[in-house]
Amino acid sequence: MIFTPASKPLHGTINVPGDKSISHRAVMIGSLAEGDTEISHFLPGADCLSTIECFRKMGIQIELTENNTHVLVHGRGLHGLSAPDSVLDCGNSGTTTRLISGILAGQKFSSSLTGDESIQKRPMNRIILPLSEMGAEIRSENENGCVPLQISPSHLKGICYQSPVASAQVKSCVLLAGMYAEGKTSVTEPALSRNHTELMLRGFGAEVTSEGTTATITPEPVLHGRKLTVPGDISSAAYFLCAGLMVPDSEVLLKHVGTNPTRDGILRVIQDMGGSVTYRRLLSDAGEPTADLEVRYSRLHGTVIEGSLIPILIDELPIIAVLAATAEGDTVIRDAQELRYKESDRLALIAENLEAMGISVDPTEDGMVIHGRRNLYGGTPAAEGKPLHGAVIDSHKDHRLAMSFAIAALAADGETEIRDAECVNISYPDFYRDLQSLSE
Ligand code: S3P
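Rules and cut-offs
Residues numbered from 1 in each chain as written. Predicted model: local features only at pLDDT ≥ 70, side-chain atom pairs only at ≥ 80, totals over all residues. Heavy atoms only, no water. Helix = DSSP H or I, 4+ residues; strand = E, 2+ residues; numbered from the N terminus. Contact = heavy atoms within 4.5 Å. Polar contact = N/O pair within 3.5 Å; in protein donor to acceptor, adjacent residues only side chain to side chain. Near = heavy atom within 4 Å. Areas by Shrake-Rupley, 256 points an atom, 1.4 Å probe, with all protein chains shown as cover. 1 Å grid on protein atoms, 1.4 Å probe; cavity = no way out; pocket = protein on both sides within 12 Å on 5 of 7 lines; lining within 4 Å. Sits in = over half its atoms within 2 Å of the grid points. Nonpolar A, V, L, I, M, F, W, Y, C, P; charged D, E, K, R; others polar. Points joined across faces, edges and corners; volume = space filled by probe spheres on them. Domains from an automatic or database assignment. Axes fitted to C-alpha atoms, helices over the stretch in contact; angles between N-to-C directions. Parallel < 35°, antiparallel > 145°, perpendicular 65-115°, else oblique. Left-handed = near helix turned anticlockwise from the far one by under 90°. Buried area = accessible area lost by both parts, 1.4 Å probe. Salt bridge = Lys/Arg side-chain N within 4 Å of Asp/Glu carboxyl O. Buried < 20%, exposed > 50% of the residue type's maximum accessible area, 1.4 Å probe, protein only.

Colleague: Mind showing me how you'd approach the environment of Asp 47 here?
Modeller: Tracing the backbone shows Asp 47 in helix H2 (residues 46-57). Distance from Asp 47 to Thr 95, taken between C-alpha atoms, is 8.3 Å for residues 48 residues apart in sequence. Discounting residues that sit within four places of it in the chain, Asp 47 has contacts with Lys 20, His 24, Asn 92, Ser 93, Thr 96 and Ile 426. A distance of 3.3 Å separates a polar atom in the side chain of Asp 47 from a polar atom in the side chain of Lys 20.

If you want it as structure tokens, here you go:
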């Protein structure tokens, strides 16, 4: 797909699609609840549809309406799943794979799960180890620590798990398994990762406590079906936040964006870089705060992104790196080695693609230094040159890379071609249409 530079300021309002992490969890927890769960503003991306298909295969009736953004889950209770008659296909979705494994470990039936080429390379020992410590029978079929996974019935016991990584997928997997264990289960992380599982389980009636970076669950909760509205995904809003900051004289309003403090690292970084984002309305639905965000073109400078900030902006690092490339001075990213284990090795591919667009990057083991365009702001905005060069970008079918570089293309001095651009379907099927709407 070919992208041309922005020829005028971006203006308009975007209703950001539903949060991916919360959409997955609503289907999973709704399936294990007693009675119906009605989910509004569900994300109809391929990843969340994979989760729905897996639960349908385990006997849960799930109805989709309103272009798949309204979901009715007929929950059957904590012990209501039935044995799937074939392998569960998690597609491209790490969240589906890791969270469902925790649930499957507690079932009285055997199951196997797999996924696409990318998911077959992603590390699963991070969940196999704690689940095995709980007594689960779970093994990697090819003994390479990846899917396909085979899970057999077993007796689970609660553990106090010290996770070596700040990962909400690991934490959630262990807590979900903890619902079926004997005794309480707790997970302590090196830094706090997104807490949607804890908030949602509590909202459905489970006893879950959080203290610092430790979350604890009491087993055998009775979960009650409910109505919920999924906030807009801050990870999807991130592309337009950055586009608005980068293209001179732009002003963009993003509606109903989730601003949970375990997800809002990008807002902190933008503020640090001198960007203007105004919170226009603050609401909270079941513990998940939501705001309208108004972003304006701003003159940005480099910053340092590291430590406990990393898990709360992990999925936004590709677009933050693009933003940093258009800022004045250097931006240092550290402690982000987790980015190597996402849908692609994002650290390597961010650096490679920024370099293709003429930006000097010094890659490191756990991050990179991005040398932003200096002296960019010597003249008036209209007199400024474009900070990047058009290039051919290989997305490696990674949705977040495709979207990040589509935004980079706005600030380039020629055409940019993005390969496998349709992979945005994973998390934001209408991304290109929404992007186009800001230039009309
Ligand atoms: C997610 C957690 C993060 C994130 C992923 C979604 C979740 O992964 O990158 O896109 O929904 O729990 P890790 O837990 O592996 O960091």
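Colleague: I would appreciate a short explanation of unusual backbone geometry in the present structure.
Modeller: With the exception of glycine, the majority of residues adopt a negative phi angle, and the majority of peptide bonds are in the trans configuration. Of note, the bond from Val 147 into Pro 148 is cis; its omega dihedral lies within 30 degrees of zero at 0°. Take Pro 148: it is sitting in the loop between strand E8 (137-140) and strand E9 (149-152). Not every positive phi belongs to a glycine, and Asp 420 is a case in point at roughly 55°.

Colleague: What exactly am I supposed to notice about the site of the ligand here?
Modeller: Around the ligand sit Ser 21, Arg 25, Thr 95, Arg 98, Ser 167, Ala 168, Gln 169, Arg 194, Ile 314, Asp 315 and Lys 342, and that is every residue in its neighbourhood. With the chains in place, 94% of the 380 Å² that the ligand exposes on its own is no longer accessible. One can see that the ligand is located within the largest pocket. Going through the elements one at a time, helix H1 (20-31), helix H3 (94-105) and helix H5 (168-178) are the ones with two or more residues in the shell around the ligand. Among the residues forming the shell around the ligand, the class breakdown is 2 nonpolar, 4 polar and 5 charged.

Colleague: Mind showing me how you'd approach the layout of surface pockets here?
Modeller: The method is simple in principle: a probe with the dimensions of a water molecule rolls over the atoms, and the space it marks as empty is what remains. In this structure, the largest pocket spans a volume of roughly 630 Å³. Taken together, 37 residues line the largest pocket, and the ones lying closest to its centre are Ala 166, Ser 167, Ile 314, Glu 338 and Lys 342. For the lining of the largest pocket, the secondary-structure elements that each account for two or more residues are H1, H3, H5 and helix H11 (399-410). A breakdown of the residues in the lining of the largest pocket according to their chemical character gives 10 nonpolar, 11 polar and 16 charged. When we break the lining of the largest pocket down by domain, the ones giving at least three residues each are domain 1 (2-17 + 231-437) and domain 2 (20-216). In this structure, the second largest pocket occupies an estimated 440 Å³ of space. Together, 19 residues line the second largest pocket, and Glu 117, Ser 118, Glu 343, His 396 and Lys 397 are the ones closest to its centre. Class assignment for the residues of the lining of the second largest pocket results in 4 nonpolar, 5 polar and 10 charged.

Colleague: Quick question: what am I supposed to make of the packing of helix H7 (residues 234-246) against helix H8 (residues 265-272) here?
Modeller: For any two helices packed against each other, one specifies the crossing angle of their axes together with the interaxial distance. Taken N-terminus to C-terminus, the directions of H7 and H8 make an angle of 15°; their axes are 10 Å apart at the nearest point. Here H7 is positioned roughly parallel relative to H8, judged by the angle of their axes. The handedness of the crossing between H7 and H8 comes out as right-handed. Residue-level contacts link Ile 234, Ala 238, Leu 241, Cys 242 and Leu 245 of H7 to Ile 266, Leu 267 and Ile 270 of H8. Its residues placed into classes, the contact of H7 with H8 shows 8 nonpolar, no polar and no charged.

Colleague: Just to check I follow, could you spell out the domain arrangement of the chain for this structure?
Modeller: Frequently, the measure chosen for interface size is the accessible area that the parts lose on association. Per the domain assignment, the segments of the chain are domain 1 (2-17 + 231-437) and domain 2 (20-216). If you average the C-alpha positions of domain 1 and of domain 2, the two centres end up 29 Å apart. On the side of domain 2, 23 residues touch domain 1, which itself brings 25 residues to the contact. When the two sides are added together, the surface that domain 1 and domain 2 hide from each other amounts to roughly 2,000 Å², 53% of it contributed by carbon and sulfur. Here domain 1 and domain 2 share 3 salt bridges between them. For the pair domain 1 and domain 2, the number of links is 13 residue pairs in polar contact (both at pLDDT 80 or more). Partitioning the side of domain 1 that touches domain 2 into residue classes produces 9 nonpolar, 8 polar and 8 charged.

Colleague: Mind showing me how you'd approach the side chain of Asn 353 here?
Modeller: Mapped onto the fold, Asn 353 is located in helix H10 (residues 346-356). Taking the relative accessible area as the measure of exposure, Asn 353 reaches 3% and is therefore buried. Beyond its immediate sequence surroundings of up to four residues, Asn 353 is in contact with Ile 393, Asp 394 and Phe 405.

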